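Listed below are the residues making up each chain.
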Amino acid sequence: MTRREVKISKFLSLVLRHQPETVGLKLNDAGWVSVADLLAAADRQDLKFSRAELQQVVANNDKQRFSFSADGQLIRANQGHSVAVELGYEPAVPPETLFHGTAERFLASIQAQGLIKGQRHHVHLSADREIARSVGQRYGKPVVLQVHAAQMQHDGFVFYLSTNGVWLTEHVPVPYLVFL
Ligand code: HQG
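Note that the coordinates shown come from a computational prediction; the quantities given were computed from them, not determined experimentally.

Regarding the sheet that holds strand 1 (residues 33-34)
- Sheet architecture is open: three strands sit in the order 1-3-2, paired in antiparallel fashion. The outermost strands of the open sheet, each flanked by one partner alone, are strand 1 and strand 2 (66-68).
- For strand 2 and strand 3 (residues 74-77), the ladder comprises three bridges, and the chain directions are antiparallel. Bridging across to strand 3, Phe 68 finds its partner in Ile 75.
- With respect to the sheet, helix 3 (residues 51-60) is in contact with strand 2 and strand 3, its orientation differing from that of strand 2 by roughly 130°.

A closer look at the sheet that holds strand 8 (residues 167-169)
- Read across the open sheet, the three strands follow the order 5-8-7; overall the sheet is antiparallel. Looking at strand neighbours, the two that pair on one side only are strand 5 (123-125) and strand 7 (160-161), the edges of this open sheet.
- For strand 5 and strand 8, the ladder comprises three bridges, and the chain directions are antiparallel. Along strand 8, the bridge assignment pairs His 124 with Leu 168.

Here we look at the packing of aromatic side chains
- If you walk through the whole model with that rule in mind, you get three aromatic pairs.
- Ring centres of Phe 11 and Phe 49 lie 6.3 Å apart, and the angle between their planes is 75°; on these two criteria the pair is classed as edge-to-face. Of this pair, Phe 11 sits in helix 1 (residues 3-18) while Phe 49 sits in the loop between helix 2 (35-44) and helix 3, and the two are 38 residues apart along the sequence. Phe 49 carries the same exposure label as Phe 11, and that label is buried.
- Sitting over the ring of Tyr 89, Arg 76 keeps its end group 5.8 Å from the ring centre.

Observations regarding the pairing of strand 4 (residues 97-103)
- With six of seven residues buried, strand 4 is to be regarded as a mostly interior element.
- Bridging between strand 4 and strand 6 (residues 142-148) involves seven bridges; their strand directions are antiparallel. Bridge pairing links Thr 97 to His 148 in strand 6.

Re the pairing of strand 3
- For strand 1 and strand 3, the ladder comprises two bridges, and the chain directions are antiparallel. Within the sheet, the bridge partner assigned to Val 33 lies in strand 3 and is Ile 75.
- The loop that links strand 2 with its antiparallel partner strand 3 comprises five residues; one of these, Gly 72, has a positive phi angle of about 75°.

What counts and how
- Along each chain, numbering runs from 1 in the same order as the chain's sequence is written.
- A pLDDT threshold of at least 70 governs which residues receive local features in this predicted model, and a stricter bar of 80 or more applies before side-chain atom pairs are shown or counted, although totals over entire chains, interfaces and linings include all residues.
- To get the side-chain values, take all heavy atoms of the structure and skip hydrogens and water.
- Should DSSP find at least two bridges between two strands, the strands are taken to pair.
- Only DSSP runs of H or I with at least four residues qualify as helices, and only runs of E with at least two residues qualify as strands; both kinds are numbered from the N terminus onward.
- Note on contacts: a residue pair is in contact if any heavy atoms of the two residues lie within 4.5 Å.
- Only the contacting stretch of a helix is used when fitting its axis, a line to C-alpha atoms as for every element, and angles between N-to-C directions run 0 to 180 degrees.
- Any two of the Phe, Tyr and Trp rings considered here, Trp counted by its six-membered ring, make a pair once their centres fall within 6.5 Å; the pair's planes then place it as stacked at under 30 degrees, edge-to-face at over 60, or tilted in between.
- Exposure categories follow from relative accessible area, calculated using a 1.4 Å probe and restricted to protein chains: below 20% of the type maximum is buried, above 50% is exposed, and the middle band is partly exposed.
- Distance and angle both matter: a charge sits over a ring if NZ of Lys or CZ of Arg is within 6 Å of the ring centre and within 35 degrees of the ring normal.

Spelled out as structure tokens, the structure:
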């Protein structure tokens, strides 16, 4: 991603996941907003970009964070929201093992409470150990935890797979975690 693409992506994350109201936008129940309204809102923030440039930012996004509706008139974030949205993902069958990347300083608390979702709607898990590591690295010395996902599902926990390949679940209790 170019620096400009990163800047626009951060703007999109802010408004499509966390604070649409700060730029005068309102997401619908499923998290969608009109592309025309988004372009106008960005313009008001002095971050002018065209529909074509927005398409490029979405296509080149390193984590495929955003999607357009089928007719291209709406846009939303695929996951990671802190505002209330109902993304409509169907429950999915996870692989045997999933990974969660965190920082060393959170370990004592995770050992006591399991993985909790905090500000977001779900705990975020990855099928790829390296991706989990890079997620953990954002907060300090990274640690990768293993999650017995298939066992959790067997025990009644529900998993969702976002459009961009992130596994989502409400809570991972301690017995399902392996502290490697
Ligand atoms: C930690 C990025 C203390 C958790 C990534 C994490 C991801 C606890 C932090 C997406 C805890 C929350 C989400 C407990 C969990 N006690 N700390 N009991 N349980 N934690 O950012 O998973 O770039 O909300 O380990 O790729 O780091 O934004 O979640 O360190 O998919 O698109 O609390 O964000 O994508 O941090 O990352 P976050 P996350 P984007």
